[in-house]
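Given next are the chains, with one letter for each unit.
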Amino acid sequence: MKLEPRAIPDYVRIDRRGTSALVHPEFAVALSPAIFDGEGLRPTGYVGRSAIQSVDTPNGTVLIRQCRRGGALRNILRDKYLLHNRPRAELSVHREAYRLGVATVLPVAVVWKRTGPLFSGSIATLQVEATDLRRRMSEEGGVSPAELAACGRAIWSMHAAGIVHADLNTMNLLVRGDEAWVIDFDKSHIVTEVGRLHARDNFLRLRRSMLKHGVVLHFDSIVEAYEAAGGVKIPL
């Protein structure tokens, strides 16, 4: 397998009332009322660390995820980052992943606000009609071999592009038939080459996520598809 790079334009910067945004030019006009004034936003019902809202645009439905902390600082600086524009850093990695041909959704925009030394913000992505792996495995009939193989290929595409995911878990893999997408590049980073240790760290995190939800029996199928696509042999 090989990656197929995509063309992606320069994003448009918009500054308004102390809030800044970088927006894909095809979405800038339609999305601005939502990201700056909250117009047209509706809750998605997603349950997780970060709140997610959606808004319809002429180019499709866009999901807007508020960036929030996990870990020990989540109760002190829940949605703020000291001296680091983490939402913008996430967009930088996600945009490069999309450009290089990684199996991921289109990053549409990042919005941020700076208050003194603290940054807060949100990431916007184009919605795809798919289900996260965690939910799919809990549904009647369970996940199919084709979906598991697609997850392996999607992870391979990410590693082939030199991207190490910071939180590869069952909620950050979307599946539909023989397609899969990797999402949520918060704290992820780009390296010259993803070697065995980086790959192992990603897959160990995924396995822990699957163990947590009692579905680890599917793990080997994802690894096999990853290696068949050209991924490194993983010393698990």
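Residues numbered from 1 in each chain as written. Predicted model: local features only at pLDDT ≥ 70, side-chain atom pairs only at ≥ 80, totals over all residues. Heavy atoms only, no water.

A. A look at the sheet that holds strand β9 (residues 131–132). A sheet is described by the order of its strands in space; here three strands give the open sequence β9-β11-β12, paired in antiparallel fashion. Pairing within the sheet leaves two strands with one partner each, and these edge strands are β9 and β12 (179–182). Bridge count for β9 against strand β11 (residues 173–176) is two bridges, and the pairing is antiparallel. Within β11, the residue paired with D132 across the bridge is L174. The sheet contacts of helix α4 (residues 145–160) involve β11 and β12, and relative to β12 the element is tilted by about 40 degrees. (Pairing = 2+ DSSP bridges. Helix = DSSP H or I, 4+ residues; strand = E, 2+ residues; numbered from the N terminus. Contact = heavy atoms within 4.5 Å. Axes fitted to C-alpha atoms, helices over the stretch in contact; angles between N-to-C directions.)

B. Looking closely at the packing of aromatic side chains. Scanning the entire structure with this criterion turns up two aromatic pairs. Look at F203 and F219: their rings are 6.2 Å apart centre to centre, the planes differ by 75 degrees, and that puts the pair in the edge-to-face class. With a gap of 16 residues between them, F203 in helix α5 (residues 196–212) and F219 in helix α6 (residues 219–229) connect regions that are remote in the sequence. The pair F203 / F219 is uniform in exposure class, with both members buried. Measuring from centroid to centroid gives 4.8 Å for F203 and Y226, while their planes differ by 65 degrees, and the two rings are edge-to-face. Note that F203 is positioned in helix α5 and Y226 in helix α6, a separation of 23 residues in sequence. Three or more aromatic residues joined by ring pairs make a cluster, and in this case those are F203, F219 and Y226. The ring of Y98 has R6 sitting right over it, with the charged end atom 4.1 Å from the ring centre. (Phe/Tyr/Trp six-rings, centres within 6.5 Å; stacked < 30°, edge-to-face > 60°. Buried < 20%, exposed > 50% of the residue type's maximum accessible area, 1.4 Å probe, protein only. Lys NZ or Arg CZ within 6 Å of the ring centre and 35° of its normal.)

C. Representation of the nonpolar core in the model. L133, I155, I163, L173, F203, L206 and I222 are the most contacted members of the largest nonpolar core, which has 34 residues in total. For this core, the secondary-structure elements that each account for two or more residues are α2 (86–100), α3 (133–138), α4, β10 (163–164), β11, β12, α5 and α6. Broken down by element, this core gets its largest block of residues, seven residues, from α4. Dropping the residues within four chain positions of it, L173 is found in contact with T131, D132, L133, C151, I155, L168, W181, V182 and L206. (Core = buried A, V, L, I, M, F, W, Y, C linked by side-chain atoms within 4.5 Å.)

D. A look at the pairing of strand β7 (residues 107–115). Direction of pairing for strand β2 (residues 19–23) relative to β7: antiparallel, over a ladder of five bridges. Bridging across to β7, V23 finds its partner in A109. Across eight bridges, the pairing between β7 and strand β8 (residues 118–126) is antiparallel. Paired with R114 across the two strands is F119, which belongs to β8.

E. Up close: the packing of α4 against α6. α6 packs onto α4 with a crossing angle of 50 degrees between their chain directions and a minimal axis gap of 7 Å. One way to sum up the angle between α4 and α6 is to call them oblique. Handedness of the crossing formed by α4 with α6: right-handed. Side by side, α4 and α6 meet where L148, A149, C151, G152, R153, I155, W156 and H159 of the first sit next to S221, I222, A225, Y226 and A229 of the second. Split into classes, the residues belonging to the contact of α4 with α6 amount to nine nonpolar, three polar and one charged. (Parallel < 35°, antiparallel > 145°, perpendicular 65-115°, else oblique. Left-handed = near helix turned anticlockwise from the far one by under 90°. Nonpolar A, V, L, I, M, F, W, Y, C, P; charged D, E, K, R; others polar.)

F. Representation of α4 within the structure. Compared with the 22 Å implied by 1.5 Å per residue over 16 residues, the 22 Å span of α4 between its first and last C-alpha is a close match. Each element contacted by the buried residues of α4 is listed here: α3, β10, β11, β12, α5 and α6. A positive phi of about 85 degrees marks G162, the residue just after α4. (Expected span 1.5 Å × (residues − 1).)

G. Representation of the pattern of salt bridges. Overall, the coordinates contain 14 salt bridges when judged by the stated rule. Notably, a salt bridge pairs R205 with D167, separated by 3.3 Å at the nearest N-O pair. Within this pair, whereas R205 is found in helix α5, its partner D167 is found in the loop between β10 and β11, the two being separated by 38 residues in sequence. The exposure class assigned to R205 is partly exposed, which follows from its relative accessible area of 34%. On the basis of relative accessibility, which here comes to 28%, the residue D167 falls in the partly exposed class. (Salt bridge = Lys/Arg side-chain N within 4 Å of Asp/Glu carboxyl O.)

H. Expanded view of the packing of α4 against α5. The geometry of α4 relative to α5 is characterised by a closest axis approach of 12 Å and an angle of 145 degrees between their N-to-C directions. Our pair here, α4 against α5, has a crossing hand that is right-handed. Where α4 abuts α5, its residues I155, M158 and H159 lie against A199, N202, F203 and L206. Tallied by class, residues from the contact of α4 with α5 come to five nonpolar, two polar and no charged.

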